[in-house]
Amino acid sequence: ETGVTQSPTHLIKTRGQQVTLRCSSQSGHNTVSWYQQALGQGPQFIFQYYREEENGRGNFPPRFSGLQFPNYSSELNVNALELDDSALYLCASSLGTGMTLSGNTIYFGEGSWLTVV
Amino acid sequence: SQKIEQNSEALNIQEGKTATLTCNYTNYSPAYLQWYRQDPGRGPVFLLLIRENEKEKRKERLKVTFDTTLKQSLFHITASQPADSATYLCALEGYGGSQGNLIFGKGTKLSVKP
């Protein structure tokens, strides 16, 4: 087990609705990154939060937003859901914003499966 | 734009043989290249990291090579077992502002037959 927990594990939403996904990072980790993984594809970087501030964003529209809380847990919010948003959403936690020379392992949660109908 | 390709979508081998997976990239100069294992319906699990100035890294039955001239990494599993069956993802990480932004390939699904 990685110590990274995500909820909910599965959910179904209707096009146009909004969704909030949650992530509890591994104890001691101050950085959370979110990824979207469509079926048959590799994960795609959405954004990263470091000490409650956004620290990098991938090629996703503004309707994808996030938060990180003082305890370093995080939320991913997606507004105006589209059919193409159907995917596995992965949260990854780490100590620090990237791999350091000492080797900063990134731990992924099991993901939240979102289906938009 | 940056592109990362894994040589095949699927690789089938016999138990005991060495599995070799390939990762090629273009238009990028990564600081690190990483390999992950992903089982169906699960999140990726970190396996190995190799830095740009390293040629080879080993961990138990796993070996990774990194050729920054060819822009290619090879991932080997020796004495493969059915339990090694999974999808293997390679990922690149850059410097500075792109730290933490992992660029993943689509993955190669490895099946090891008994």
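Heads up: the structure comes first, above all this text.
In this text the structure is predicted, and so the values were computed from the model without any measurement.

What counts and what doesn't
- Residues numbered from 1 in each chain as written.
- Chains lettered and ligands numbered in written order.
- Predicted model: local features only at pLDDT ≥ 70, side-chain atom pairs only at ≥ 80, totals over all residues.
- Heavy atoms only, no water.
- Helix = DSSP H or I, 4+ residues; strand = E, 2+ residues; numbered from the N terminus.
- Rg over C-alpha atoms; globule rule 2.2 N^0.38 Å.
- Buried < 20%, exposed > 50% of the residue type's maximum accessible area, 1.4 Å probe, protein only.
- Pairing = 2+ DSSP bridges.
- Disulfide = S-S within 2.5 Å.
- Salt bridge = Lys/Arg side-chain N within 4 Å of Asp/Glu carboxyl O.
- Axes fitted to C-alpha atoms, helices over the stretch in contact; angles between N-to-C directions.
- Contact = heavy atoms within 4.5 Å.
- Polar contact = N/O pair within 3.5 Å; in protein donor to acceptor, adjacent residues only side chain to side chain.

**Q** I'd like a rundown of the overall build of chain B, residues and numbers included.
**A** Each helix and strand in chain B was counted, giving 0 helices and 11 strands. Along chain B, helices and strands appear, N-terminal first, in the series β-β-β-β-β-β-β-β-β-β-β. Relative to the globule expectation of 13 Å for 114 residues, the C-alpha radius of gyration of chain B, 14 Å, shows essentially globular dimensions. In terms of overall dimensions, chain B has a C-alpha envelope of 45 × 30 × 20 Å along the principal axes. Scored against the burial criterion, the 114 residues of chain B give a buried share of 48%.

**Q** Give me the lowdown on the pairing of strand β3 (residues 19-26) of chain B, citing residues and values where you can.
**A** Residue and element names in this part refer to chain B. Judged from the 4 bridges that link them, strand β1 (residues 3-6) and β3 form a sheet pairing that is antiparallel. Bridged to Glu-5 within β3 is Asn-24. For β3 and strand β8 (residues 72-77), the ladder comprises 6 bridges, and the chain directions are antiparallel. Bridged to Thr-22 within β8 is Leu-74.

**Q** Summarise the state of the cysteines; cite the residues concerned and give the values.
**A** With the rule as written, the count across this model stands at 2 disulfides over all chains. Here Cys-23 of chain A connects covalently by a disulfide to Cys-91 of chain A, the sulfurs 1.8 Å from one another. The sign of the S-S torsion, about -60°, decides the handedness of the disulfide formed by Cys-23 of chain A and Cys-91 of chain A: left-handed. With Cys-23 of chain A in strand β3 (residues 19-24) and Cys-91 of chain A in strand β9 (residues 87-94), the pair connects residues that are 68 residues apart, well separated along the chain. Comparing Cys-23 of chain A with Cys-91 of chain A shows no difference in burial state: the two are buried. The disulfide bridge from Cys-23 of chain B ends at Cys-90 of chain B, spanning 2.0 Å between sulfur atoms.

**Q** Explain the pattern of salt bridges to me, and be specific about the residues and the numbers.
**A** In the structure shown here, the tally under the stated rule is 11 salt bridges over all chains. Ionic pairing is found between Glu-54 of chain B and Arg-51 of chain B, a salt bridge with its closest N-O pair at 3.8 Å. In terms of burial, Glu-54 of chain B and Arg-51 of chain B fall into one category: buried. A salt bridge links Asp-84 of chain B to Arg-61 of chain B; the nearest nitrogen and oxygen atoms lie 2.9 Å apart. Here Asp-84 of chain B is found in the loop between β8 and β9 (86-93), whereas its partner Arg-61 of chain B is found in the loop between β6 (56-59) and β7 (62-67), with 23 residues between them in sequence. Given a relative accessible area of 7%, Asp-84 of chain B falls into the buried group. When salt bridges that share partners are traced, they join Arg-63, Glu-82 and Asp-85 of chain A into one network.

**Q** Residue-level account of the sheet that holds strand β1 (residues 5-7) of chain A, with values.
**A** Whether parallel or antiparallel, the strands of a sheet pair through hydrogen bonds between backbone atoms. All names here are of chain A. Read across the sheet, 4 strands follow the order β1-β3-β8-β7 without closing on themselves; strand pairing throughout is antiparallel. The sheet is open, and its two borders are formed by β1 and β7 (64-68), each paired with just one other strand. The mean angle between the axes of side-by-side strands here comes to 15°, regardless of whether they run parallel or antiparallel. As paired strands, β3 and strand β8 (residues 74-78) are joined by 5 bridges and run antiparallel to one another. The residue of β8 that forms the bridge with Arg-22 is Glu-75.

**Q** Mind laying out the environment of Asn-59 of chain A, listing which residues take part and the relevant values?
**A** You can see Asn-59 of chain A is positioned in the loop between β6 (53-57) and β7. For the pair formed by Asn-59 of chain A and Glu-110 of chain A, sequence separation is 51 residues and the distance between their alpha carbons is 23 Å.

**Q** An account of the interface of chain A and chain B is requested, with residue identities and associated values reported.
**A** Interface size is commonly expressed as the accessible surface area that is lost when the partners come together. Opposite the 25 residues of chain A that make contact, chain B presents 20 residues. Run the count over chain A and chain B and you get 1 salt bridge. For Glu-110 of chain A, the salt bridge goes to Arg-42 of chain B, with nearest N and O atoms at 2.6 Å. Counting across the interface, chain A meets chain B through 4 residue pairs in polar contact (both at pLDDT 80 or more).

**Q** Explain unusual backbone geometry residue by residue, including any values.
**A** Of note, the bond from Ser-7 of chain A into Pro-8 of chain A is cis; its omega dihedral lies within 30 degrees of zero at -10°. In the Ramachandran plot, Lys-71 of chain B falls in the positive-phi region, its phi being about 55° despite a non-glycine side chain. The topology assignment puts Lys-71 of chain B in the loop between β7 and β8.

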